[in-house]
Amino acid sequence: MTNDFDILIPRPRTIEQTPGVLKVESLGGVTAPENFERFSAALIRNGKAMGIDLAQKGVPVKMVFSADIKVESFEITVTPDEVTIAGGDPAGLFYGAGAFEQLLCVAVNRGIRGAEMPCGKISDSPRFGYRGLMLDSARHFQSVETIKQVLALMARLRLNIFHWHICDSQGFRSESKLFPELNTLAEMTPGFYTAEEIKEICDFAAEHFITVIPEIEMPGHSKGLLALHPELCCDPENPGKEFCLAKPEVRTFLEKLISEFVALFPGSKIIHLGGDEAGTENWDKCPLCQKLMKVKNLSNIRQLENDFMNDMAAFVRSLGLTPVTWFTGSIMESTTIIQAWRTIWELKETLPHGNRMIFSVHDQLYLDYPNTAAEPFENWMPVLCESGVYNTEPYAAWEKEIGDLLLGPETCLWTETVPEHRVIAKLMPRLVAFSETAWCAAMRKEWFNYTRRKEVLEASGWFDIKAL
Ligand code: ACM
Ligand code: ZN
């Protein structure tokens, strides 16, 4: 019998089953708190697709807020004559409603007639407050429709951070009215998001309790931009991928660009400044960079890069926002959030400096890597299968030491090798596995238990029904 409470994804913290059953056919009458009627409407709509008339008069499903429940957390109580879904806040209630939909879907997977749900109580809350997915829309561009599809999938898996890698060497995809030439870049696919489209995506994300963290890259990963503005390179005759670290006009330009960029994301309090993979060759040869390094009494060019990034991060802070950078090997001022991506040791190196951290170590969480060796991939990529993502431990070995400094994990889909039509194929099923890495207490994760639950839910059709 699969019809027990242990079929949910992500797996709840506690499940208590009690005697008795709820006859699913007798359900009817969904209520939600004022201003959250869209939750009850979505449950009624999805119930209808399952053959359940939740709009009829019957055993009520009551959605309520409870001051005793934490944020993003919920409790579901099922008795033969009432269902209560209680949330600590709107996100918690939304997640609770999604969990109840999973129970319904499994209960009716052979049709409504005679369908029963066990009685009992489910209590759940997330392990991490930061549960991220990064999507690269700079290399291969995706339509607004595809991005909404990704966001809806994230919401169903209770992921709450959309890190949007929107600018890179191959494309500057956010509309710039100050520098409209940037939007002509289109090395892999043409396209950019207008201010209206960005608002549409951010509003859709907010409705699904997802925070957008947009990324603007510097000082490297800027080849396309610098081909249009060679005056911002060390050697305008041979513009590379990196901004010159010493020219004052670079800072003026970037401050204007950042100001315009962040204004497109008024709901985003965290801004990613990139900072990864800058090469030093041009800086090493640049008289201005070399001179500034000496004036600042720095012993190597990476320190000048670090100074530059700290200045840019300070500029972001002056706008009232929090900067994030990829781990670069240098130390960022402690209020900058650091995203570890190359090795787990980046957590350990960052720890003494007190920065908050995000865990995205590539061989555990980069979804451009193939799920199986049968998929197209670049020769240098390792295979990263579903169980690899599932068994990732975001603290690595240092849970006690790192504690709250780790905000949470983020999985990344880079798209150099992923055209738009393969985005969902790359995410599924590994994003499902990731949802437990991000949500579940480590003790609740068991690979074989997970695969059973996933198969039951897949067969029930839950993954195919619509988000809110
Ligand atoms: C990265 O993968 N370059 C952050
Ligand atoms: Zn220079």
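What comes next is a walk through the structure. Please read these numbers as outputs of a predicted model, since none were measured by experiment.

**A few points about the coordination of the zinc ion (ligand 2)**
- Bound to the zinc ion (ligand 2) are the protein donor atoms C234 (SG), C244 (SG), C286 (SG) and C289 (SG), situated 2.3 to 2.4 Å from the metal.
- Seen from the zinc ion (ligand 2), its four donor atoms lie at angles of 103 to 121°, and the figure they make is tetrahedral.
- When the donors of the zinc ion (ligand 2) are listed by position in the chain, the intervening gaps give C-x9-C-x41-C-x2-C. Here the two residues C286 and C289 agree in accessibility, since each one is buried.

**Side note on the side chain of Q339**
- Note that Q339 resides in strand β14 (residues 337-340).
- When its relative accessible area of 0% is taken as the criterion, Q339 is described as buried.
- A polar atom in the side chain of Q339 sits 2.8 Å from the side chain of H272.
- Excluding its chain neighbours within four sequence positions, the residues that come into contact with Q339 are H163, H272, V324, T325, W326, F327, E346, I358, S360, E410 and C412.

**Some details on the pattern of salt bridges**
- Taken as a whole and assessed by the stated rule, the structure comprises 27 salt bridges.
- One salt bridge in this structure joins E346 and R342, with 3.1 Å as the shortest N-O distance.

**Comments concerning the sheet that holds strand β4 (residues 74-79)**
- The strand order across the open sheet built from six strands is β1-β6-β4-β5-β3-β2, with neighbouring strands paired in mixed fashion. A single partner strand is all that each edge strand has here, and the edge strands are β1 (14-23) and β2 (27-31). On average, each strand axis in the sheet is tilted by 20° relative to the strand beside it, whichever way the strands run.
- Here six bridges tie β4 to strand β5 (residues 82-87), and the two strands are oriented antiparallel to one another. Counted as the bridge partner of E75 is A86 from β5.

**Details of the sheet that holds strand β12 (residues 270-274)**
- With respect to topology, eight strands assemble into a closed barrel ordered β7-β8-β11-β12-β13-β14-β15-β16, the strand pairing being parallel. For this sheet, the mean angle separating the axes of adjacent strands, direction not counted, is 30°.
- In the packing of helix α9 (residues 301-318) onto the sheet, contacts are made with β11 (211-218), β12 and β13 (322-326), and the angle to β12 comes to roughly 160°.

**Some words on the nonpolar core**
- Judged by nonpolar contacts, the single largest core of 150 residues is most densely connected at L27, F100, L104, W164, M218 and C289.
- The dominant element in this core, judged by the number of residues it contributes, is helix α2 (residues 90-107), at 12 residues.
- Those residues in contact with L104, other than ones at most four positions away along the chain, are V24, L27, L43, M50, I52, L54 and M117.
- One finds Y130, I161, V324 and I358 within the second-largest nonpolar core, a separate group that totals seven residues.

**As for the environment of F162**
- As for its placement among the helices and strands, F162 is situated in strand β8 (residues 161-165).
- With a relative accessible area of 0%, F162 lands in the buried category.
- Expressed as a C-alpha distance, the spacing of F162 and S40, which sit 122 residues apart in the sequence, is 25 Å.

**Some points on the packing of aromatic side chains**
- A complete count under the given rule lists 25 aromatic pairs for this structure.
- Ring geometry for Y95 versus W439: centroids 5.5 Å apart, planes at 90°, classification edge-to-face. On the criterion of sequence distance, the pair formed by Y95 in helix α2 and W439 in helix α15 (residues 430-439) is long-range, its members being 344 residues apart. The residues Y95 and W439 share a single accessibility class, namely buried.

**Focus: helix α16 (residues 447-460)**
- The first and last C-alpha atoms of α16 sit 20 Å apart over 14 residues, in line with the 20 Å expected at 1.5 Å per residue.
- Residues of α16 that are buried make contact with α2, α12 (386-390) and α15.
- Downstream of α16 by a residue or two, G461 has a phi angle that is positive, lying close to 90°.

**A few points about the packing of α2 against α16**
- Taken N-terminus to C-terminus, the directions of α2 and α16 make an angle of 70°; their axes are 9 Å apart at the nearest point. The angle between α2 and α16 falls in the class roughly perpendicular. Every residue of α16 that contacts α2 at Q102, C105 and V106 is listed here: V456, L457 and S460.
- Considering only residue class, the contact of α2 with α16 consists of four nonpolar, two polar and no charged.

**What about the pairing of β2?**
- In this structure, β2 lies alongside strand β3 (residues 59-65), joined through three bridges in parallel fashion. The residue bridging L27 from the neighbouring strand is V59, located in β3.
- Once the chain exits β2 it traverses helix α1 (residues 37-49) before rejoining the sheet at β3, and the crossover so formed is left-handed.

About the cut-offs
Residues numbered from 1 in each chain as written. Chains lettered and ligands numbered in written order. Predicted model: local features only at pLDDT ≥ 70, side-chain atom pairs only at ≥ 80, totals over all residues. Heavy atoms only, no water. Donors = N, O, S within 2.8 Å, 3.2 Å for Na, K, Ca; no water. Tetrahedral: all angles 85-135°; square planar, octahedral: opposite > 155°, others 65-115°. Buried < 20%, exposed > 50% of the residue type's maximum accessible area, 1.4 Å probe, protein only. Helix = DSSP H or I, 4+ residues; strand = E, 2+ residues; numbered from the N terminus. Polar contact = N/O pair within 3.5 Å; in protein donor to acceptor, adjacent residues only side chain to side chain. Contact = heavy atoms within 4.5 Å. Salt bridge = Lys/Arg side-chain N within 4 Å of Asp/Glu carboxyl O. Pairing = 2+ DSSP bridges. Axes fitted to C-alpha atoms, helices over the stretch in contact; angles between N-to-C directions. Core = buried A, V, L, I, M, F, W, Y, C linked by side-chain atoms within 4.5 Å. Phe/Tyr/Trp six-rings, centres within 6.5 Å; stacked < 30°, edge-to-face > 60°. Expected span 1.5 Å × (residues − 1). Parallel < 35°, antiparallel > 145°, perpendicular 65-115°, else oblique. Nonpolar A, V, L, I, M, F, W, Y, C, P; charged D, E, K, R; others polar. Right-handed = clockwise from strand over helix to strand, strands pointing away.

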